[in-house]
Amino acid sequence: MSYMPFHPNPSKPAFTPPVGAVDAHCHVFGPADKFPFAPERKYTPCDASKDQLFALRDHLGFSRNVIVQATCHGKDNRALVDALKSAGELARGVASVGPDVTDAELQAMHRAGVRGVRFNFVKRLVDATPKEVFLGIASRIAELGWHVVVYFEAENLEELIPFLKEIPTTIVVDHMGRPDVAKGVDHPDFQRFVDLMADEQKIWTKVSCPERLSVEGPPDYSDVVPFSRLLVGRFTDRVLWGTDWPHPNMKSHMPDDGKLVDVIPNIAPEKDQQQALLVDNPMRLYWS
């Protein structure tokens, strides 16, 4: 199947985000002629530049971005750092690094605005890395005040829990740990994740990517809403939201980013929840 490019003309959201809102999960790809994709990548995207990302940010009514290193760039964080330097105080980053990263490289990324590293456990996207390697990296970035972003699928959570408990930093779980929404919120798989968040105050989550989880599909992604709404309601001070633009490797459809923003009041119906989700939480984690 060919790679789906991002939506060329997203709608203007009906929902107006609170002042200072942060899109806390998005990416930049390339441009490939300047920042080539990693040879070990599992997919080859189209270019999605920093300028296009910042134009989308403004169009959707957001103020800031947290740009996450995508697997197609591997551990070459140059495109990410370039975007952060262009954005100045309006962006922060999450890098992908290996055990051979030097302290000087980490400090240079910190100066550029990187505040976390991402560990990916989704087997179809990356080759496996031993957990000791990840723990070694986590102990080094803890000294910089960074946190760890983890990406896994729901069926892998049980085996990952002992490892997650060993990580010495705040942990942000991508996309609610990718629950199987067809099973419903009461299924033990999702409740295991809810219990983990209740037990471990250091664990946050992104209530993002309904387009990846939904069976019903656009524009409302209503089958995903109960999952996000439960997490926002119970863990209001530990949730983040992001577009996931430019929606890497989507197979079913390409979401309209304006419609994704319009899901927010369904998952965070109260004004104080919206303020926490979109402003206070990401500012505390990435800008304080």
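Let me sum up the structure you'll find in this document.

What counts and how
Sequence positions are assigned chain by chain, starting from 1 and proceeding in written order. Local features in this predicted model are restricted to residues of pLDDT 70 or higher, and side-chain atom pairs are both shown and tallied only at a pLDDT of 80 or more, whereas totals for entire chains, interfaces and linings draw on every residue. No hydrogens and no water enter the side-chain calculation; it runs on all heavy atoms of the structure. For two strands to count as paired, DSSP must find a minimum of two bridges between them. A run of DSSP states H or I qualifies as a helix once it reaches four residues; a run of E qualifies as a strand once it reaches two. Both are numbered from the N-terminal end. Relative accessibility under 20% of the residue-type maximum defines a buried residue, over 50% an exposed one, and the middle range a partly exposed one, all with a 1.4 Å probe and only protein chains included. What makes two residues a contact is simply this: any of their non-hydrogen atoms within 4.5 Å. Charged-residue counts in this description rest on Lys and Arg as positive and Asp and Glu as negative, His and the chain ends being excluded. What makes a salt bridge here is a side-chain nitrogen of Lys or Arg within 4 Å of a carboxyl oxygen of Asp or Glu, nothing more. Only the stretch in contact is used when fitting a helix axis, every axis being a line fitted to C-alpha atoms; angles between N-to-C directions are given from 0 to 180 degrees. Note that the term roughly parallel is reserved for angles under 35 degrees, roughly antiparallel for angles over 145, roughly perpendicular for angles of 65 to 115, and oblique for everything else. Asp, Glu, Lys and Arg are counted as charged, while Ala, Val, Leu, Ile, Met, Phe, Trp, Tyr, Cys and Pro are counted as nonpolar; the rest, among them Gly, fall into the polar class. In this description, a disulfide is simply a cysteine sulfur pair whose atoms lie within 2.5 Å.

### Points about the sheet that holds strand β2 (residues 64–68)
Next up, step 1: Taken in spatial order, the 8 strands line up as β1-β2-β3-β4-β5-β6-β7-β8 in an open sheet, and their pairing is parallel. In the strand order of this sheet, the two ends are held by β1 (22–26) and β8 (239–240), each with one partner.
Next up, step 2: Relative to strand β4 (residues 114–120), strand β3 (residues 91–95) runs parallel, the two sharing 3 bridges. For Gly93, the partnering residue across the bridge sits in β4 and is Val114.

### Remarks on unusual backbone geometry
Glycine aside, residues mostly have negative phi, and peptide bonds are mostly found in the trans state.
Next up, step 1: Cis peptide bonds are those with omega within 30 degrees of zero, and the linkage from Gly30 to Pro31 qualifies with 0°.
Next up, step 2: Along the polypeptide, Pro31 turns up in the loop between β1 and α1 (50–60).
Next up, step 3: Each neighbour pair has its own omega, and for Trp245 with Pro246 the value is 0°, a cis peptide bond.
Next up, step 4: Tracing the backbone through its elements, the reader meets Pro246 in the loop between β8 and α9 (257–261).
Next up, step 5: Its identity as a non-glycine residue notwithstanding, Asp244 has a phi of 70°, on the positive side.
Next up, step 6: Relative accessible area serves as the criterion here: at 1%, Asp244 is assigned to the buried category.

### Re helix α2 (residues 78–87)
Next up, step 1: Inspection of α2 places Ala79, Leu80, Val81, Ala83, Leu84 and Ala87 among the buried residues, and these make up the whole buried set.
Next up, step 2: Against the buried residues of α2 lie α1, β2, β3, α3 (103–112) and β4.
Next up, step 3: Just downstream of α2, Gly88 is the residue with a positive phi angle, here 60°.

### Some thoughts on the side chain of Arg115
Next up, step 1: The topology assignment puts Arg115 in strand β4.
Next up, step 2: Of the side chains bearing the opposite charge, Glu89 lies closest to the buried Arg115, which forms no salt bridge; the N-O distance is 6.2 Å.
Next up, step 3: When residues no more than four places from it in sequence are discounted, the contact partners of Arg115 are Arg92, Gly93, His110, Trp146, His147 and Tyr286.

### Structural notes on the packing of helix α5 (residues 157–166) against helix α6 (residues 188–199)
Next up, step 1: Their axes nearest at 11 Å, the elements α5 and α6 cross at an angle of 10°. By the criterion of interaxial angle, the relationship of α5 to α6 is roughly parallel. Across the interface between the two elements, Leu157, Glu158, Ile161, Leu164 and Lys165 of α5 pack against Arg192, Phe193 and Leu196 of α6.
Next up, step 2: Taken together, the residues of the contact of α5 with α6 break down into 5 nonpolar, no polar and 3 charged.

### A few points about the pairing of β3
Next up, step 1: Within β3, 5 of the 5 residues are buried, leaving the element largely enclosed by the surrounding structure.
Next up, step 2: Alternating residues of β3 divide into Ala91, Gly93 and Ala95 and Arg92 and Val94, and every residue in both groups is buried.
Next up, step 3: By the bridge criterion, 4 bridges tie β2 to β3 in an arrangement that is parallel. The residue bridging Val68 from the neighbouring strand is Val94, located in β3.

### Some thoughts on the state of the cysteines
In a disulfide, the sulfur atoms of two cysteines are held together by a covalent bond.
Next up, step 1: Summed over the entire model, instances satisfying the criterion amount to 0 disulfides.
Next up, step 2: Free cysteine Cys46: the closest other cysteine sulfur is in Cys72, separated by 9.7 Å.
Next up, step 3: Exposure remark for Cys46: the relative accessible area of 25% places this residue in the partly exposed category.
Next up, step 4: You can call Cys72 buried: its relative accessible area is 0%.

In short, geometric facts, not functional conclusions.
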